[in-house]
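Working through the structure, step by step
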Amino acid sequence: MFVVAQDGATSLWTGPKLTPLSPPVGMPHNVTCISPPAAVRGLGAIIVCGTMDGGVVAVPLTPPGPIRVLNDGDNDETITAISVVSFGDGEAALVGTASGIVDVYNLADGEVLARVAAHAPHGITSLSAASSHDGLWLTSDAAGRVSMWRSSQDGVVRVTSVDFGRGSPNVDPIACFAGDDSDTLLVTGVPTSSHEGPCATLYSPGLSAVLDVIPLTAPVTCARPAADLTAVALSCSDNSLVVIANSGDRVVSIEDDNGVEESIEVSTWIAYGRGGSGRAVTGLGWLGEGDLVVSVSDSIEVW
């Protein structure tokens, strides 16, 4: 499933021929971010949109339905990141703001389950949910801190947090899950000791260790994991596209806090893609069977 938003309207597309499933859906004005499509019990497939003035709406796509207002946007708090997370008995919209607040909305009734202020005053730069239904999600902020959280009907608890620092004042850090065990994170826009330019860092919170660093040609503007978390698609500021995919396991030596080395198995990652072009990348998504869909300024491509 793939969403294309242009000229104030949204269309939902599906594979393998990218046929639109429904007429364009009207969108609120001043949309700043749109979540990946998500299946919500009782609502079907939806997207959640955030606006420049703090508005948050859920847009039913299949079956089509009226827009549900979660926040009417009566403030000047710009929405900077948005996602949807599933847990045992429900789904929640994760809504991050320029002041570093993340509001967690119960999509069943629109109520706010929790307000997370741990990243304030640094603006939220990305939100990413694990594909499993265990409520895990990530957030990154403008200072380069990445935190993992777990949501439930009882609220939100922090699992772990890592301060990577910010690599460049003009590049926002972005983080997402990048492994089927949810213990491998892909982080961009943060400094590394092994590479000075733009890169993607693969990090294990469980091991507190960097697993790999993959050089890139330009800073990342969007990261979209595949549903099974075996690959992550990246679009970069030079309009290049990169897919970082899991190619198997390898054995590495990790030194613990006491200086003792141990051998463990970690994923091996490979990168492939295309160089920058004159056509601006406007969206990334995944269809079934691992097909990557890319919307550019004048067309939709399937990889």
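Now for a description of the structure that goes with this document.

Thresholds applied
For every chain, the first residue of its written sequence is number 1, and the numbers climb from 1 along that sequence. Confidence filtering applies because this is a predicted model: local features only for residues at pLDDT of at least 70, side-chain atom pairs given and counted only at 80 or more, and all residues used for totals across whole chains, interfaces and linings. Remark: hydrogens and water are excluded; side-chain values derive from all non-hydrogen atoms of the structure. By definition, a salt bridge exists where a carboxyl oxygen of Asp or Glu is found within 4 Å of a side-chain nitrogen of Lys or Arg. Segments assigned H or I by DSSP are reported as helices when at least four residues long, segments assigned E as strands when at least two residues long, and all are numbered from the N terminus. Each residue is assigned to one of three classes by its accessible area relative to the maximum for its type, calculated with a 1.4 Å probe on protein chains only: buried under 20%, partly exposed between the two thresholds, exposed over 50%. For the purposes of this section, nonpolar cores are sets of buried Ala, Val, Leu, Ile, Met, Phe, Trp, Tyr and Cys residues that join through side-chain atoms within 4.5 Å. The contact rule is simple, with two residues in contact once any of their heavy atoms fall within 4.5 Å. Here the rule is simple: two strands pair whenever DSSP picks up at least two bridges between them. For helices, the fitted axis covers only the stretch in contact; all axes are lines through C-alpha atoms, and the angles between them, taken along N-to-C directions, range from 0 to 180 degrees. In this analysis, rings of Phe, Tyr and Trp, with Trp reduced to its six-membered ring, are considered paired at centre separations within 6.5 Å, and the interplanar angle assigns stacked below 30 degrees, edge-to-face beyond 60, and tilted for intermediate values.

Comments concerning the pattern of salt bridges
Where side chains of opposite charge bring their charged atoms close, a pairing between them can arise. For the structure on display, the rule yields four salt bridges. One salt bridge connects Glu91 with Arg41, and the closest N-O pair in it is separated by 2.7 Å. Placement of Glu91 in strand 11 (residues 90-97) and of Arg41 in the loop between strand 6 (38-40) and strand 7 (44-51) is noted, with a sequence separation of 50 residues between them. Arg41 gets classed as partly exposed once you look at its relative accessible area, which sits at 48%.

Details of the nonpolar core
Nonpolar side chains in soluble globular proteins tend to be buried together. Counting 18 residues, the largest nonpolar core has Leu186, Leu202, Val232, Leu234 and Ile244 as the members making the most contacts within it. Here this core takes three residues from strand 23 (residues 231-236), the largest share from any one element. Ignoring sequence-local partners within four residues, the contact set of Leu202 consists of Ala178, Thr184, Leu185, Leu186, Ala209, Val210, Leu211, Asp212, Ile214 and Trp269. Counting 15 residues, the second largest nonpolar core, distinct from the first, contains Cys33, Ala58, Leu70 and Ile79.

Digging into the sheet that holds strand 11
Working definition: the strands of a sheet are paired by backbone hydrogen bonds and lie parallel or antiparallel to each other. One open sheet holds the four strands; their spatial order is 10-11-12-13, and the pairing between them is antiparallel. Across the chains shown, the open sheet's two edge strands, defined by having one partner strand only, are strand 10 (79-87) and strand 13 (112-116). Ignoring strand direction, the axes of neighbouring strands in this sheet form an average angle of 20 degrees. By the bridge criterion, four bridges tie strand 12 (residues 102-106) to strand 13 in an arrangement that is antiparallel. Paired with Asp103 across the bridge in strand 13 is Arg115.

Focus: the packing of aromatic side chains
Enumeration over the complete set of coordinates arrives at two aromatic pairs. Centre to centre, the rings of Trp137 and Trp149 are 5.8 Å apart; their planes meet at 20 degrees, and the pair counts as stacked. Here Trp149 lies in strand 16 (residues 145-152) and Trp137 lies in strand 15 (residues 136-141), a separation of 12 residues in the sequence. Ring plane angle 80 degrees and centroid distance 5.2 Å describe the contact between Phe164 and Tyr203, whose orientation is recorded as edge-to-face. Placement of Phe164 in the loop between strand 17 (155-163) and strand 18 (174-177) and of Tyr203 in strand 20 (residues 199-204) is noted, with a sequence separation of 39 residues between them. Exposure class is identical for Phe164 and Tyr203. Each is buried.

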